[in-house]
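Descriptive structure summary
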Amino acid sequence: MNKKYDVVALGELLIDFTENGISEQGNLILEANPGGAPCNVLAMVTKFGYNTAFIGKVGNDNFGRMLADTVAGVGINIDGLVFDDDVPTTLAFVHTKPDGDRSFSFYRNPGADVMLTKDDIPEELIKQSKIFHFGTLSMTHTSAEEATLKAVEIAKSNGLVISFDPNLRPPLWDDLNDAKDKMAYGMSMCDVLKISDNEIQFFTGEEDIDKGIEIIRSKYDIKLVCATLGKEGSVAYYGDKVIYGTPYVTDKTIETTGAGDTFMGCVLHSVLENGIDDFDEEKISRMLDISNHAASIITTRRGALRVMPEVSLFL
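So, here's what we can say about the structure. Note that the structure is predicted; figures quoted are calculated from it, not measured.

**Some remarks on the pattern of salt bridges**
The final tally for this structure, using the stated rule, is 10 salt bridges. The salt bridge partner of Arg108 is Asp113, with a shortest N-O separation of 2.6 Å. With relative accessibility at 7%, the residue Arg108 sits in the buried group. A salt bridge links Arg286 to Asp289, with the shortest nitrogen-to-oxygen separation between them at 3.9 Å. Linking Arg286 with Asp289, this pair stays in helix α9 (residues 281-298), spanning three residues, or about one helical turn.

Next up, the structure:
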């Protein structure tokens, strides 16, 4: 059966205010970058020429309308994007450290993204897709969690490949044990997992990445696991294969916003290109190489959604 969409993603769509210099008055200048991990992933997938669609909610305000225009402008279908007349668009402030890493402050109590409901889920849109992608941030509040679970069940029952990135943001959880529970749910449902080194340590308590992944794989039947290791590159686990990806280190890094999402978008390209059941060592090595390369490029740019790298730069 031909599907209309290659990848559909559900989750947060928000404004990332990122640092962009100092004003003449000595004040920090903040740039309003469209963001949110699921849409960032779709923006990268779209760069490969695939058809993508987004499910989420923004406020019916200036920021929400800007986000809708931006997402549609990069080629992502927004039929599943809902506007909330009562709750404003979620805002995130990204604080950049000297090495390019980040910390976050969120204005989301609530924000429109967590007001997504079960009734907002477009069942036919999901059925018309090949891959369904989600994370944990759509499960921090009851309404959005119910919507997420409904969407995952629709995807699962219709044979979609399920892709999951925990995208742990501790400030958004009242209780980090709840975050672990939602991570466990995502791992129990997914075929493809992208997880960072700090998330592995958080979830398993293991500092050793291989041992942490061994714990995860012993509990959950995940076909493809990709662990991102920051400046150390990445590693993929597939069947009995463990394959390391060499990092692309650049001295032009500005910030790391969107690096993991860019990596994830390239992984989904490889899944679409090869099929989840047809990877060999060469294909996995190639997947990690392009994913690491693309992720390094995004660290040289502010924001992510609007500035995903052209595939000609890393293919």
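**Section: the packing of helix α6 (residues 197-204) against helix α7 (residues 209-219)**
Two elements in contact, α6 and α7, have axes whose closest approach is 9 Å; the angle formed by their N-to-C orientations is 55 degrees. On the basis of the axis angle, α6 is oblique to α7. Considering only the axes of α6 and α7, their crossing is left-handed. For the pair formed by α6 and α7, the contact residues are Asp197, Ile200, Gln201, Phe203 and Thr204 on the first element and Ile209, Gly212, Ile213, Ile215 and Ile216 on the second. When its residues are assigned to classes, the contact of α6 with α7 shows six nonpolar, three polar and one charged.

**Notes on the nonpolar core**
Among the nonpolar cores identified, the biggest contains 52 residues, and Leu13, Leu224, Val267, Met287 and Phe314 are the most heavily contacted of them. With eight residues, the single largest contributor to this core is α9. One finds Ile55, Met189, Phe203 and Ile216 within the second-largest nonpolar core, a separate group that totals 46 residues.

Definitions and limits used
The numbering scheme is per chain: residues are counted from 1 as the chain's sequence reads. A pLDDT threshold of at least 70 governs which residues receive local features in this predicted model, and a stricter bar of 80 or more applies before side-chain atom pairs are shown or counted, although totals over entire chains, interfaces and linings include all residues. No hydrogens and no water enter the side-chain calculation; it runs on all heavy atoms of the structure. Salt-bridge detection follows one rule: a side-chain nitrogen of Lys or Arg within 4 Å of a carboxyl oxygen of Asp or Glu. For every residue, the accessible area (1.4 Å probe, protein chains only) is compared with the maximum for its type, and the residue is labelled buried under 20%, exposed over 50%, or partly exposed between those bounds. Secondary structure counts use DSSP, requiring at least four H or I residues in a row for a helix and at least two E residues in a row for a strand, with both numbered from the N terminus. Orientation is described by lines fitted to C-alpha atoms, with helices fitted over the stretch in contact, and by angles between N-to-C directions that extend from 0 to 180 degrees. In what follows, roughly perpendicular refers to angles from 65 to 115 degrees, roughly parallel to angles under 35, roughly antiparallel to angles over 145, and oblique to any angle outside these ranges. Crossing handedness: left-handed means the near helix sits turned counterclockwise from the far one by under a right angle, and right-handed means the same turn made clockwise. Every residue pair with non-hydrogen atoms within 4.5 Å of one another is taken to be in contact. Here the nonpolar group is Ala, Val, Leu, Ile, Met, Phe, Trp, Tyr, Cys and Pro; Asp, Glu, Lys and Arg are the charged ones; every other residue, Gly included, is treated as polar. Here, the term nonpolar core denotes a set of buried Ala, Val, Leu, Ile, Met, Phe, Trp, Tyr and Cys residues that are joined through side-chain atoms within 4.5 Å.

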